[in-house]
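Listed below are the residues making up each chain.
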Amino acid sequence: MPSTNQTHEVLEALSLALPLRLPRLRQLYGDPTQQVVTFVASLPETERSSRARPPTPYMAALCVLGELRTFGAIGCLLSCLEWRCEDVHRIVIRSVMTAGPAIIEPVIALWPVLSTYGRNLAAEAMGAQGLRDARVLELLTKWSTDDPILGALALGDYGDPAALPALSKVLVGSLASSEHRTTAEVLAAMEALGVRVTG
């Protein structure tokens, strides 16, 4: 297995024209996912919690993960949302928003440990790409029961009209308990799904 220093050098070389150089990485490592994930995980905790941009090889590694679009690559990217650097977040968001169907299985598997940010991004990404999965809808529906405001927002972003029965149930509960903010968010989500909401 290549050393961390070798990985560092390869990733630094890949930081430009990544799609053209990715075949070279595959030639060196086969499926390089685990190698790159291990490298990303080696970034010290102090740097992950800093708002400063991580060293170039780590940024390049995130770009590589975005191109790989494997289960482990997307899972690692979603976990990097916990890093505080906005440049990291931009790479992760861009990667997740263009991941296609490859995003579905990692999101389902990681759902219990995903941050609120990660869950919302996943719902938005799948909605923007027109991806539908009954298991994802079930997770979002349960979230709308556990946390009506955040869950309703996510269901609206996900954009599946099949979520309307769940949103209607949350709406009834919010009206009965006079939770005005929840009611407003649920109505907004329903409107996003094509329901005409009258004043």
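Residues numbered from 1 in each chain as written. Predicted model: local features only at pLDDT ≥ 70, side-chain atom pairs only at ≥ 80, totals over all residues. Heavy atoms only, no water.

### Quick notes on the packing of aromatic side chains
In total, this model carries two aromatic pairs according to the counting rule given. Consider the rings of Trp111 and Trp143, whose centres lie 5.8 Å apart with planes at 85 degrees: the pair is edge-to-face. Here Trp143 lies in helix α10 (residues 134-146) and Trp111 lies in the loop between α8 (104-110) and α9 (116-128), a separation of 32 residues in the sequence. Grouping residues by exposure puts Trp111 and Trp143 together as buried. The lysine or arginine in question, Arg119, covers the ring of Trp143, its NZ or CZ lying 5.3 Å from the ring centre. Cation over ring: Arg132 sits above Tyr158, and NZ or CZ is 5.0 Å from the ring centre. (Phe/Tyr/Trp six-rings, centres within 6.5 Å; stacked < 30°, edge-to-face > 60°. Helix = DSSP H or I, 4+ residues; strand = E, 2+ residues; numbered from the N terminus. Buried < 20%, exposed > 50% of the residue type's maximum accessible area, 1.4 Å probe, protein only. Lys NZ or Arg CZ within 6 Å of the ring centre and 35° of its normal.)

### A few points about the nonpolar core
Val40, Leu62, Leu65, Ile103, Met126 and Leu140 are the most contacted members of the largest nonpolar core, which has 55 residues in total. Not counting residues within four places of it along the chain, the set of residues in contact with Leu62 comprises Val40, Leu77, Cys80, Trp83, Val88 and Ile91. (Core = buried A, V, L, I, M, F, W, Y, C linked by side-chain atoms within 4.5 Å. Contact = heavy atoms within 4.5 Å.)

### Here we look at empty space enclosed by the protein
Under the defined criterion, the tally for this structure stands at one cavity of 30 Å³ or more. Taken as a whole, the largest cavity holds about 40 Å³ of empty space. Along the walls of the largest cavity sit Leu65, Gly66, Arg69, Ile74, Leu77, Ser95, Val96 and Ala99, which together make up its complete lining. Going through the elements one at a time, α5 (56-68), α6 (71-79) and α7 (86-97) are the ones with two or more residues in the lining of the largest cavity. Grouping the constituent residues of the lining of the largest cavity by class yields five nonpolar, two polar and one charged. (1 Å grid on protein atoms, 1.4 Å probe; cavity = no way out; pocket = protein on both sides within 12 Å on 5 of 7 lines; lining within 4 Å. Points joined across faces, edges and corners; volume = space filled by probe spheres on them. Nonpolar A, V, L, I, M, F, W, Y, C, P; charged D, E, K, R; others polar.)

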